[in-house]
Amino acid sequence: MASSSTPQQASLPPPRSTPLRGLRGRACRVLAKLHQWAESGWAGPATAGWTYAQGAVLPGPADALLVPFGLADPRRVYSLALWALAGSTLGGITAYLAGAFAFQEVVAPVLGLVGIDPRELASFRTMFARHGWMLVVFSSVSPFPSKLVSVSAGAFGIPFPVFALALGLGRAARFFTIAVLIHLAGEHIARWWKRVTLQCE
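Worth saying up front: this structure is predicted, and the values here are computed from it rather than measured. (Residues numbered from 1 in each chain as written. Predicted model: local features only at pLDDT ≥ 70, side-chain atom pairs only at ≥ 80, totals over all residues. Heavy atoms only, no water.)

**Overview of the overall build of the chain**
Reasoning step 1: Along its length, the chain carries 10 helices and zero strands.
Reasoning step 2: The linear arrangement of helices and strands in the chain, starting from the amino end, is α-α-α-α-α-α-α-α-α-α.
Reasoning step 3: When each of the 201 residues of the chain is scored for burial, the buried share is 38%.
Reasoning step 4: The long-range share in the chain, meaning contacts at least 24 apart out of those at least 6 apart in sequence, stands at 77%. (Helix = DSSP H or I, 4+ residues; strand = E, 2+ residues; numbered from the N terminus. Buried < 20%, exposed > 50% of the residue type's maximum accessible area, 1.4 Å probe, protein only. Contact = heavy atoms within 4.5 Å.)

What follows is the structure, encoded as structure tokens:
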């Protein structure tokens, strides 16, 4: 039997993958990996490890892992918030100790490299003398770099119990607010996740 396809049809190239399809494929792989991590035993330590590094030295948002892991598995979001709180508090304490014991040797030269001169440090000292614990709380719940505030708190003599309490309360407010929002949106997230995974098949 002769083939029904015309020569013109036979010469058509196969359909190319569009940029949108490629982007969806990458997003599906990322989401699948996040869901796999969220269901494994590594999501909590990974969240704590990131928040520790971010609180001590690394730039970036403190909830960069809490949000995607919590969205991937909303049932565990409060546990992940506790991991984030523990890691972030320890990271802030590390930065505080660096400011208290190695400010002139390590921290001040590094601040000089990023453009913070001694006059600005003097103004920081005045601010911390007046509003130290409030600055720590503010940096803990806002995008303001908390590691800079933690280092300054150690360098400028904010009492450690005051610092630790302000840092812990601020971080707890931030992480558990995120956890509550994710938990309240759990049904919508579950439906969204089902739609996404069906599209990824």
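What follows picks up the thread again.
**Topic: the packing of aromatic side chains**
Reasoning step 1: Taken as a whole and assessed by the stated rule, the structure comprises two aromatic pairs.
Reasoning step 2: For the pair Tyr96 and Phe160, a centre-to-centre distance of 5.4 Å together with 65° between the ring planes defines the contact as edge-to-face. In this pair, Tyr96 sits in helix α5 (residues 77-101) while Phe160 sits in helix α9 (residues 160-184), placing the two residues 64 residues apart along the sequence.
Reasoning step 3: Judged by its relative accessible area of 8%, Tyr96 falls in the buried class.
Reasoning step 4: Aromatic side chains Tyr96 and Phe163 sit 4.6 Å apart centroid to centroid with 25° between the ring planes, which places their arrangement in the stacked category. Taken as a pair, Tyr96 in helix α5 and Phe163 in helix α9 lie far apart in primary sequence, 67 residues in all.
Reasoning step 5: On the basis of relative accessibility, which here comes to 0%, the residue Phe163 falls in the buried class.
Reasoning step 6: Members of the aromatic cluster, joined through ring pairs, are Tyr96, Phe160 and Phe163. (Phe/Tyr/Trp six-rings, centres within 6.5 Å; stacked < 30°, edge-to-face > 60°.)

**Examining the pattern of salt bridges**
Reasoning step 1: Under the criterion given, the structure shown has one salt bridge.
Reasoning step 2: Its salt-bridge partner being Arg174, residue Asp63 comes within 2.8 Å of it at the nearest N-O pair. Of this pair, Asp63 sits in the loop between α3 (43-56) and α4 (66-72) while Arg174 sits in helix α9, and the two are 111 residues apart along the sequence.
Reasoning step 3: Judged by its relative accessible area of 16%, Arg174 falls in the buried class. (Salt bridge = Lys/Arg side-chain N within 4 Å of Asp/Glu carboxyl O.)

**So, helix α8 (residues 146-155)**
Reasoning step 1: Among the 10 residues of α8, nine are classified as buried, and the element is accordingly described as predominantly covered.
Reasoning step 2: Once α8 ends, the next one or two residues include Gly157, with phi positive near 80°.

**Quick notes on the environment of Met127**
Reasoning step 1: With respect to the helices, strands and loops of the structure, Met127 is situated in helix α7 (residues 118-141).
Reasoning step 2: Residue class for Met127 comes out partly exposed when judged on its relative accessible area of 36%.
Reasoning step 3: A sequence separation of 29 residues divides Met127 from Phe156, and the C-alpha atoms of the two residues are 9.8 Å apart.

**What to know about the side chain of Asp63**
Reasoning step 1: The class for Asp63 is buried, based on a relative accessible area of 13%.
Reasoning step 2: Dropping the residues within four chain positions of it, Asp63 is found in contact with Pro68, Arg174, Phe175 and Ile178.

**Focus: the nonpolar core**
Reasoning step 1: By size, the foremost hydrophobic cluster in this structure holds 14 residues, and its most contacted members are Leu66, Phe69, Leu80 and Phe175.
Reasoning step 2: At five residues, α5 tops the list of elements feeding residues into this core.
Reasoning step 3: Residues in contact with Leu80, not counting those within four places in the same chain, are Ala43, Gly44, Thr47, Leu66, Phe69 and Gly70.
Reasoning step 4: Judged by nonpolar contacts, the second largest core, of 12 residues, contains Phe128, Ala153, Ile158 and Ala166. (Core = buried A, V, L, I, M, F, W, Y, C linked by side-chain atoms within 4.5 Å.)

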